[in-house]
Amino acid sequence: AQTVTQSQPEMSVQEAETVTLSCTYDTSESDYYLFWYKQPPSRQMILVIRQEAYKQQNATENRFSVNFQKAAKSFSLKISDSQLGDAAMYFCAYRSSGRGSTLGRLYFGRGTQLTVWP
Amino acid sequence: GAGVSQTPSNKVTEKGKYVELRCDPISGHTALYWYRQSLGQGPEFLIYFQGTGAADDSGLPNDRFFAVRPEGSVSTLKIQRTERGDSAVYLCASSLGGIRAPLHFGNGTRLTVT
C-alpha cells in the first residue's frame, strides 16, 4: 500500500511571511495524483491544490504552490503571504490513477498543524 | 449549491450499541466515499461506492462495519456492537466519478463510544 509521510506535526509562521510544509510518499506506480487538503476546526477537508504526476510543471493556486520532486517522491506545499485564515491542519494525500476498484482511495499523511501569528 | 451533508454532527453512544451515520452527497455525484479519522491521524479509507454498489470495501476494519447506498444517493454507515476504539470522526465525500473528479467532503460525524 502507498504511504504518505508528513514529518512536521506542527509549524508556525508570521502573518505575511512564507512557510513550507513537507510531504514524502512511497509508491511503485508511475502515474498518480497528489493533493494538499486543509482541515479547519469545522472538520471539513478542503482541497487546496493538486498535482498530476505526469506533469513536470509545479501546480500553483494563488498564494499556494507546490514543489514536486518525482524522483525523490517529495511534494511540499509553499504558502506565500500567510494569512490568519490559513491556520488549520494540512494533509498531504496520494491517489492512484489506476483503473478499477482502487480508483476511489486517497492515502493521507498524519497532518501538519499550521499556526499563523499576527 | 448544497455541499455534502452528514448527520448527526456528533453522536455519543454506549459500548455495545448499534449506530447509523448518514451521508447526503452532492446531487448528481455518483461516487461516494467513507473515511475514518482517529484523533491525531489522517483520514483512513473505509469504503467507496460507485452508484449503488460498493466498488471497494476493503477498508472496513471488520464485519461490525457495514455501509449501504440503496438508491445511489444517500448512504448510511452502520456500526454494530460499538467498541471504544470506534471513537473517531467519520468523514463522507462525494464526486462526479472518474479519476479527475475532485472529492468534496462533508463536516463529518464525531462518534464517541463510552
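Within any chain, residue numbers begin from 1 and follow the written order of that chain's sequence. Each chain takes a letter, starting from A, and each ligand takes a number, starting from 1, following the order in which they are written. Under the rules for a predicted model, residues below a pLDDT of 70 receive no local features and side-chain atom pairs below 80 are neither given nor counted, while totals for whole chains, interfaces and linings still include all residues. Hydrogens and water molecules were not included; the side-chain quantities draw on all heavy atoms of the structure.

Draft legend 1. Expanded view of unusual backbone geometry. Residue B:Pro8 is reached from B:Thr7 by a cis peptide bond, and omega for that bond is -10°. Under the DSSP-based scheme used, a helix requires at least four consecutive residues in state H or I and a strand at least two consecutive residues in state E, with every element numbered from the N terminus. Among the structural elements, B:Pro8 can be located in the loop between strand S1 (5-7) and strand S2 (10-13). One non-glycine residue, A:Asn62, lies in the positive phi region at around 55°. With respect to the helices and strands, A:Asn62 occurs in the loop between strand S7 (60-61) and strand S8 (64-69). Overall, the relative accessible area of 76% leaves A:Asn62 in the exposed class. Buried means the residue's accessible area, taken with a 1.4 Å probe over protein chains only, is under 20% of the maximum for its type, while exposed means over 50%, and partly exposed covers the values in between.

Draft legend 2. Up close: the pattern of salt bridges. Salt bridges are counted wherever a side-chain nitrogen of Lys or Arg sits within 4 Å of a carboxyl oxygen of Asp or Glu. Per the stated rule, a full pass over the model turns up seven salt bridges over all chains. Between A:Arg63 and A:Asp86 there is a salt bridge, with the nearest N and O atoms lying 2.8 Å from each other. Here A:Arg63, found in the loop between S7 and S8, pairs with A:Asp86, found in the loop between strand S9 (74-79) and strand S10 (88-96); they are 23 residues apart in sequence, far enough to count as distant. A salt bridge links B:Arg64 to B:Glu83, with the nearest nitrogen and oxygen atoms 3.5 Å apart. Of the two residues, B:Arg64 sits in the loop between strand S6 (53-56) and strand S7 (65-68) while B:Glu83 sits in the loop between strand S8 (75-79) and strand S9 (88-95), which places them 19 residues apart along the sequence. The exposure class assigned to B:Glu83 is partly exposed, which follows from its relative accessible area of 38%. A single network of salt bridges, built from pairs that share partners, joins B:Arg64, B:Glu83 and B:Asp86.

Draft legend 3. Region of interest: the pairing of strand S6 (residues 46-52) of chain A. Residues and elements named next belong to chain A. Sheet topology places strand S5 (residues 32-39) next to S6; six bridges connect them, and they run antiparallel. Paired with Tyr 37 across the strands is Leu 47, a residue of S6. Once S5 ends, the chain turns through six residues before running back antiparallel as S6, passing Arg 43 with a positive phi of about 80°. Strand pairing is defined by DSSP finding a minimum of two bridges between the two strands.

Draft legend 4. Representation of the interface of chain A and chain B. Residue contacts follow a heavy-atom distance rule, with two residues in contact if any of their heavy atoms lie within 4.5 Å. The interface is formed by 24 residues belonging to chain A together with 29 residues belonging to chain B. Together chain A and chain B conceal approximately 2,200 Å² of surface at their shared face, both sides included; 46% is due to carbon and sulfur atoms. Buried area: the sum, over both parts, of the accessible surface (1.4 Å probe) that disappears when the two are put together. Considering only the surface of chain A that becomes buried against chain B, A:Arg43, A:Arg95 and A:Arg105 emerge as the three largest contributors, covering 29% of it. Put simply, chain A and chain B have one salt bridge between them. A 3.5 Å cut-off defines polar contacts: any pair of N or O atoms within that distance qualifies, except that in protein one atom must be a possible hydrogen donor and the other a possible acceptor, and neighbouring residues in sequence count only when both atoms are side-chain atoms. For the interface between chain A and chain B, the tally reads nine residue pairs in polar contact (both at pLDDT 80 or more). Charged residues are taken to be Asp, Glu, Lys and Arg, nonpolar residues to be Ala, Val, Leu, Ile, Met, Phe, Trp, Tyr, Cys and Pro, and polar residues to be all remaining types, Gly included. Class assignment for the residues of the side of chain A that touches chain B results in nine nonpolar, nine polar and six charged.

Draft legend 5. Up close: the sheet that holds S1(B). All names here are of chain B. Strands sit in the order S1-S3-S8-S7 across an open sheet of four strands; the sheet is antiparallel. Unpaired on one side and paired on the other, S1 and S7 mark the two borders of the sheet. Averaged over neighbouring strand pairs, the angle between their axes works out to 15° when direction is ignored. All axes are obtained by fitting lines to C-alpha atoms, using only the stretch in contact for helices, and the reported angles, taken between N-to-C directions, cover 0 to 180 degrees.

Draft legend 6. Structural context of the nonpolar core. Counting 26 residues, the largest nonpolar core has A:Tyr25, A:Trp36, A:Phe75, A:Leu77 and A:Tyr90 as its most contacted members. When contributions to this core are tallied by element, the ones reaching two or more residues are strand S3 (19-21), S5, S6, S8, S9, S10 and strand S12 (112-117) of chain A. No other element matches the four residues that S10(A) contributes to this core. We define the nonpolar core as a collection of buried residues of types Ala, Val, Leu, Ile, Met, Phe, Trp, Tyr and Cys that are connected through side-chain atoms lying within 4.5 Å of one another. One finds B:Cys23, B:Leu46, B:Ala88 and B:Tyr90 within the second-largest nonpolar core, a separate group that totals 20 residues.

Draft legend 7. Broad picture of the packing of aromatic side chains. Residue and element names in this part refer to chain A. Only Phe, Tyr and Trp rings take part, Trp by its six-membered ring, and two of them pair if their centres are within 6.5 Å. Stacked means planes under 30 degrees apart, edge-to-face means over 60, and tilted covers everything else. Applying the stated criterion across every chain yields a total of 16 aromatic pairs over all chains. Considering the side-chain rings of Tyr 33 and Phe 35, the 6.5 Å spacing of their centres and the 25° angle between planes classify their relative orientation as stacked. Of the two residues, Tyr 33 and Phe 35, both sit in the buried class. Note on Phe 35 and Tyr 37: the rings are 6.0 Å apart at their centroids and 35° apart in plane angle, and the pair reads as tilted.

Draft legend 8. Expanded view of the state of the cysteines. Here, a disulfide means two cysteine sulfur atoms that sit within 2.5 Å of each other. Tallied over the full model, the rule gives two disulfides over all chains. Between the sulfur of A:Cys23 and that of A:Cys92 lies a disulfide, 2.0 Å long from S to S. Judged by the torsion about the S-S bond (-70°), the A:Cys23/A:Cys92 disulfide is left-handed. In this pair, A:Cys23 sits in the loop between S3 and strand S4 (24-26) while A:Cys92 sits in strand S10, placing the two residues 69 residues apart along the sequence. What makes A:Cys23 buried here is its relative accessible area of 2%. The buried category is assigned to A:Cys92, whose relative accessible area is 0%. The partner cysteine of B:Cys23 in its disulfide is B:Cys92, sulfur to sulfur 1.9 Å. For the disulfide bridge between B:Cys23 and B:Cys92, the dihedral angle about the S-S bond is near -70°, and by the sign convention the bridge is left-handed. Taken as a pair, B:Cys23 in strand S3 (residues 19-24) and B:Cys92 in strand S9 lie far apart in primary sequence, 69 residues in all.

The quantities given are spatial measurements derived from coordinates; they are silent on function.
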